[in-house]
Amino acid sequence: MASTEPEHEHREDEEAPAGEDEDTGAQVAPIVKLEEVAVSTGEEDEEAILDLKSKLYRFDKDGNQWKERGAGTVKLLKHKESGKVRLVMRQSKTLKICANHLVLPAMSVQEHAGNEKSCVWHATDFADGELKDELFCIRFASVENCKTFMEMFQEVAESQESKGENEDATVAADALEKLSVEEKKTEENAGEEAAAATKNEETKADTDKEDKPAPST
């Protein structure tokens, strides 16, 4: 009769818990040292006055249909110095820009026919690195967000119009002031020239008088 003891001992060896890894205290230095790199978004000098999640479409004239540009966050960014506002939208995953244009006084946004969560507008866009006339349609998750976007967009357009009128008035005032200064200088120069001419004539008359021979007696 064969003994089963070796088999039993083998099973005990298999079931025995493995010993814990010993900590040798060794430290491995990284092969490549990575340094922090400052990433510029181009938005450092701007303040976000609107930030909403949405999905953007552009109208394809050749195909006569709407094509999706991407889903992400649409922002209205106001420049801290110039006060100009631009619309920027990036895709949520790739951060690729799918809309990038200024909000100008002539622009208007309106509700997309048959959908209260969507609205449309025309713009000269620079998202692809060159200026293109685009018809955009943007869709939000709620009617409230769509209304918020439309109200803010229209408010910005109107404020830019007022700002443009003020700038035009300032430019006109500066031009008038410059013109007045130039006219004044012209008048002063004319006066100086007239005075110089009169003085020259008087000097010439005195010289002629001295050169004229005295009458004989």
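Predicted model only: the values in this text are computed from it and were never measured.

A. Expanded view of the overall build of the chain. Looking only at helices and strands, the chain features two helices and seven strands. For the chain, the succession of helices and strands along the chain, N to C, is α-β-β-β-β-β-β-β-α. Within the chain, contacts between residues at least 6 apart in sequence are counted, and of these 50% link residues at least 24 apart.

B. Representation of the side chain of aspartate 60 in the model. On the secondary structure map, aspartate 60 appears in strand 1 (residues 46-60). Reaching out from aspartate 60, the side chain makes a polar contact with the backbone nitrogen of glycine 63 at a distance of 3.4 Å. Looking at aspartate 60, its side chain comes within polar contact range of the side chain of lysine 67, at 3.2 Å. Once residues within four sequence positions are removed from consideration, aspartate 60 is found in contact with Gln65 and Lys67.

C. Looking closely at the sheet that holds strand 1. The strand order across the open sheet formed by seven strands is 4-3-2-1-7-6-5, and the pairing between neighbours is antiparallel. Strands at the two margins of the open sheet, each flanked by one partner only, are strand 4 (97-102) and strand 5 (110-111).

D. Main features of a nonpolar patch on the surface. A contiguous nonpolar surface patch, about 420 Å² in accessible area, is contributed by Ile31, Val32 and Leu34. Among the structural elements, valine 32 can be located in the loop between helix 1 (5-15) and strand 1.

E. Broad picture of the environment of threonine 148. Its place among the elements puts threonine 148 in helix 2 (residues 143-211). Remark: the alpha-carbon pair of threonine 148 and leucine 50, spanning 98 residues in sequence, is separated by 8.9 Å.

F. Geometry of a negative patch on the surface. Side chains of Glu151, Glu155, Glu158 and Glu161 sit close together on the surface and give a patch of like negative charge. In this fold, glutamate 158 is placed in helix 2. Overall, the relative accessible area of 49% leaves glutamate 158 in the partly exposed class.

G. Here's a closer look at the packing of aromatic side chains. A full pass over the atoms with the stated rule returns six aromatic pairs. With a centroid separation of 5.6 Å and 50° between ring planes, the pair formed by tryptophan 121 and phenylalanine 149 is classed as tilted. In this pair, tryptophan 121 sits in strand 6 (residues 118-125) while phenylalanine 149 sits in helix 2, placing the two residues 28 residues apart along the sequence. Phenylalanine 149 matches tryptophan 121 in its accessibility class, with the two residues each being buried. By the ring-pair criterion, three or more aromatic residues cluster together here, those being Trp121, Phe136, Phe140, Phe149 and Phe153.

H. Spatial organisation of the pairing of strand 4. Pairing of strand 3 (residues 85-91) with strand 4, which is carried by five bridges, proceeds in the antiparallel orientation. What sits directly across from arginine 90, in strand 4, is isoleucine 97. Between strand 3 and strand 4, which pair antiparallel in sequence order, lie five residues; one of them, leucine 95, sits at a positive phi of approximately 65°.

I. Focus on the pairing of strand 1. Taken together, the 14 bridges between strand 1 and strand 2 (residues 65-79) define a ladder with antiparallel strand orientation. Within the sheet, the bridge partner assigned to glutamate 47 lies in strand 2 and is lysine 78. Linking two consecutive strands that pair antiparallel, namely strand 1 and strand 2, is a turn of four residues; a positive phi of about 55° is found at asparagine 64 within it. Relative to strand 7 (residues 132-139), strand 1 runs antiparallel, the two being bridged by four bridges.

Rules used throughout
- Residues numbered from 1 in each chain as written.
- Predicted model: local features only at pLDDT ≥ 70, side-chain atom pairs only at ≥ 80, totals over all residues.
- Heavy atoms only, no water.
- Helix = DSSP H or I, 4+ residues; strand = E, 2+ residues; numbered from the N terminus.
- Contact = heavy atoms within 4.5 Å.
- Polar contact = N/O pair within 3.5 Å; in protein donor to acceptor, adjacent residues only side chain to side chain.
- Pairing = 2+ DSSP bridges.
- Patch = residues over 30% accessible without salt bridge, like charges linked within 9 Å, V, L, I, M, F, W, Y side chains within 5 Å.
- Areas by Shrake-Rupley, 256 points an atom, 1.4 Å probe, with all protein chains shown as cover.
- Salt bridge = Lys/Arg side-chain N within 4 Å of Asp/Glu carboxyl O.
- Lys, Arg positive; Asp, Glu negative; His and termini not counted.
- Charge placed at Lys NZ, Arg CZ, Asp CG, Glu CD.
- Buried < 20%, exposed > 50% of the residue type's maximum accessible area, 1.4 Å probe, protein only.
- Phe/Tyr/Trp six-rings, centres within 6.5 Å; stacked < 30°, edge-to-face > 60°.

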